[in-house]
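# Fold and geometry: a report
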Amino acid sequence: MKKTLYAFLLFALASSAAAGSFEQLRDGLELPSAPVPFLEAEASAQYLQGDSRYWVTVMAGDKYDRTGLLEAGLDIVEIGKDTVSGFIEKTEMEQLAAKGFIVKSRQAIQEYAKKHLKDFPAADAVYHNYQETLDELKGLAAANPGETSLFSIGRTIEGRDIWCLRINPAEKGETPSARPAAFFMGNHHAREHLSNEVALALAAHLLARKAEPEIKKYLETLDIYIAPLTNPDGAEYDIQTGKYRWHRKNTRVNADKTIGVDLNRNYDSLWCQAGSSHYPSADTYCGPYAFSEPETQAVRNFVEARKNLKTLMSYHSYSSLLLYPWAGKAVPVENGKDRKVFEAMAKGMTAFTGYKPEQSSDLYVATGDTTDWAYAARGIFSFTTELEGTTFYPGAAMIEKAAAKNIKAAVYLLSVTDDPYKLAQ
Ligand SMILES: [Zn+2]
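Every value quoted in this text rests on a predicted model; they were computed, and no experiment measured them. (Residues numbered from 1 in each chain as written. Predicted model: local features only at pLDDT ≥ 70, side-chain atom pairs only at ≥ 80, totals over all residues.)

## Considering the sheet that holds strand S3 (residues 83-89)
Definition in use: Paired strands, in this sense, are two strands between which DSSP finds at least two bridges. Counting from the N terminus, the helices are the DSSP runs of H or I reaching at least four residues and the strands are the DSSP runs of E reaching at least two. Axis lines are fitted to C-alpha atoms, over the contacting stretch for helices. Their N-to-C directions set the angle, which ranges from 0 to 180 degrees. Note on contacts: each residue gets a C-beta atom placed from the backbone, and two residues are in contact if those atoms are within 7 Å.
Strand order in this open sheet of four strands is S2-S3-S1-S4, and the pairing throughout is antiparallel. On the outer flanks of this sheet lie strand S2 (75-79) and strand S4 (103-108), each paired with one strand and no other. The sheet shows a mean angle of 20° between the axes of neighbouring strands, taken without regard to direction. Across the face of the sheet, helix H3 (residues 63-71) comes into contact with strand S1 (53-59), S2 and S3 while running at roughly 150° to S2.

In structure tokens:
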């Protein structure tokens, strides 16, 4: 958000508060801060009204409990020793006891928002909304015409392009390449804005250091793709009112009028068999069928058209984890050589981030995610990074911190993309 825009927002807030309630002003000023495309909506009392989700903490001792809770519609955000916490629709929450779960505490999302955004830094303006993300990508492409191409891999439900920056001085646009390829993605989940920032920072880093020997080597030998904003509709929806909505999914209007399909449960890998929900209102709703969403179709088509892809990184937030397949079944990757590669890559990357490397299903079983599909369908060594922080909205200062270490991890991933199997020797 531009400074002038921000000043206007403050003015708008102050005016609306003068006419309206003091509470509105308080919340508005102390709340965030992400780019605000629709100022006229800012003062609207609609913010989070009609959102019937609760933040709950439920007893859950192991991954089987956690998987069961995902299926019951709980969007697991935090995992404690004997509990998990996250968002759940009211109607689904009311069924938890009947399903044998013990709800330790619960709080309407409106209450949760008040409490958790209370101390937010005034400005997250440094975060990039859709237009600013595109401007940043265009800027990088314009400044590095010899090394980059920028193209859309497909359109969202609302018609936004999903932009992808290619870094490859030898092959441009959508020309196929025989070079080993790496694909970095951010923001499958709307509210995980930090993941967009990390992917953007990676692109900027590689191009700023394109003359340095190590980076130069990767630019000369690899085919690198970065799509920072996979779910732009959701990301815009999350910030549309000027206040965060904790929105996770895309913006599909479901048959029951609820909003969104969970893109990271919509891939065709044991689709919707475990750890995802058939309830359209659930945050982990898998959609009516696998690849029902234009966003996941775009990723599928992109990946399927590039047989040279060797590695894939999907950035999410938050938990300080590095996850690898399987997510959808509670067994290790069957191919021993592949398993060795996954473990070695995970170790290599977490040496830089300090995150915990883990097979995804050790956390909970969840089917239909990007990484299981990319590995199962295409043999790509695919990872999910859960960036650091203790909230989806960790403020501006977190960007540099998370980006610095994750860029190092990404550069490590590039260093093994030429031949992942060298790690199995
Ligand atoms: Zn996520």
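After that view of the structure, there is still more to cover.
## Digging into helix H6 (residues 130-143)
Quick reminder of the rule: Expected helix span is taken as 1.5 Å per residue step, with the number of steps being one fewer than the number of residues. Residue burial is a threshold on neighbouring C-beta atoms within 10 Å of the residue's own C-beta, all placed from the backbone, with 20 or more meaning buried, 12 or fewer meaning exposed, and counts in between meaning partly exposed. In this context, the arc is that of the directions from the helix axis out to the C-beta atoms.
Compared with the 20 Å implied by 1.5 Å per residue over 14 residues, the 20 Å span of H6 between its first and last C-alpha is a close match. Buried within H6 we find Tyr130, Thr133, Glu136, Leu137, Leu140 and Ala141. Axial view of H6: buried residues confined to an arc of 135°, hence all on one face. Along H6, the residues that are exposed and aim more than 90 degrees away from the buried face are Asp135, Gly139, Ala142 and Ala143. Tucked inside the fold, the buried residues of H6 contact strand S5 (148-155), strand S6 (161-167), helix H7 (193-208) and helix H9 (232-239).

## A word on the confidence of the model for the protein
Definition in use: Known as pLDDT, the predictor's per-residue confidence is scaled from 0 to 100.
Across the protein, the average pLDDT comes to 87, with 87% of residues at 70 or higher. Predicted confidence is poor over residues 118-122, with pLDDT under 50, and the contacts of this stretch with residues over four places away or in other chains come to eleven contacts.

## A short note on the packing of H6 against H7
Quick reminder of the rule: In these notes the angle categories are as follows: under 35 degrees is roughly parallel, over 145 is roughly antiparallel, 65 to 115 is roughly perpendicular, and the rest is oblique. Basically, the charged four are Asp, Glu, Lys and Arg, the nonpolar ten are Ala, Val, Leu, Ile, Met, Phe, Trp, Tyr, Cys and Pro, and anything else, Gly included, counts as polar.
Where H6 contacts H7, the axes come no closer than 11 Å and their chain directions differ by 10°. Comparing their axes, H7 and H6 come out roughly parallel. Across from Thr133, Glu136 and Leu140 in H6, the residues of H7 making contact are Asn196, Leu200, Ala203, Ala204 and Leu207. In terms of residue class, the contact of H6 with H7 is built from five nonpolar, two polar and one charged.

## Quick word on the sheet that holds strand S7 (residues 181-185)
Sheet architecture is open: eight strands sit in the order S5-S6-S8-S7-S9-S12-S10-S11, paired in mixed fashion. A single partner strand is all that each edge strand has here, and the edge strands are S5 and strand S11 (356-359). Shown here is a sheet whose adjacent strand axes are inclined to one another by a mean of 20°, direction ignored. Where S7 meets strand S9 (residues 309-317), five bridges bridge the pair, whose relative direction is parallel.

## Some words on the packing of helix H11 (residues 336-353) against helix H13 (residues 397-417)
Formally: Each crossing gets its hand from how the near helix is turned against the far one by less than a right angle, where anticlockwise is left-handed and clockwise is right-handed.
Where H11 meets H13, the axes come as close as 7 Å, and the angle between the chain directions of the two elements is 155°. Of the possible angle classes, the one that applies to H11 and H13 is roughly antiparallel. The handedness of the crossing between H11 and H13 comes out as right-handed. Where H11 approaches H13, its residues Met345, Gly348, Met349, Phe352 and Thr353 are matched on the opposing element by Lys405, Asn406, Lys408, Ala409, Tyr412, Leu413 and Val416. Residues that form the contact of H11 with H13 fall into these classes: seven nonpolar, three polar and two charged.

## Digging into the pairing of strand S8 (residues 223-227)
Two faces, one strand: in a regular strand the side chains alternate between the faces of the sheet. S8 sits mainly inside the fold: five of its five residues count as buried. Side-chain alternation along S8 places Asp223, Tyr225 and Ala227 on one buried face and Ile224 and Ile226 on a second face that is also buried. Pairing between S6 and S8: three bridges, direction antiparallel. Across the sheet, the residue bridging to Leu165 is Ile226, located in S8. Where S7 meets S8, five bridges bridge the pair, whose relative direction is parallel. Bridged to Phe183 within S8 is Tyr225.

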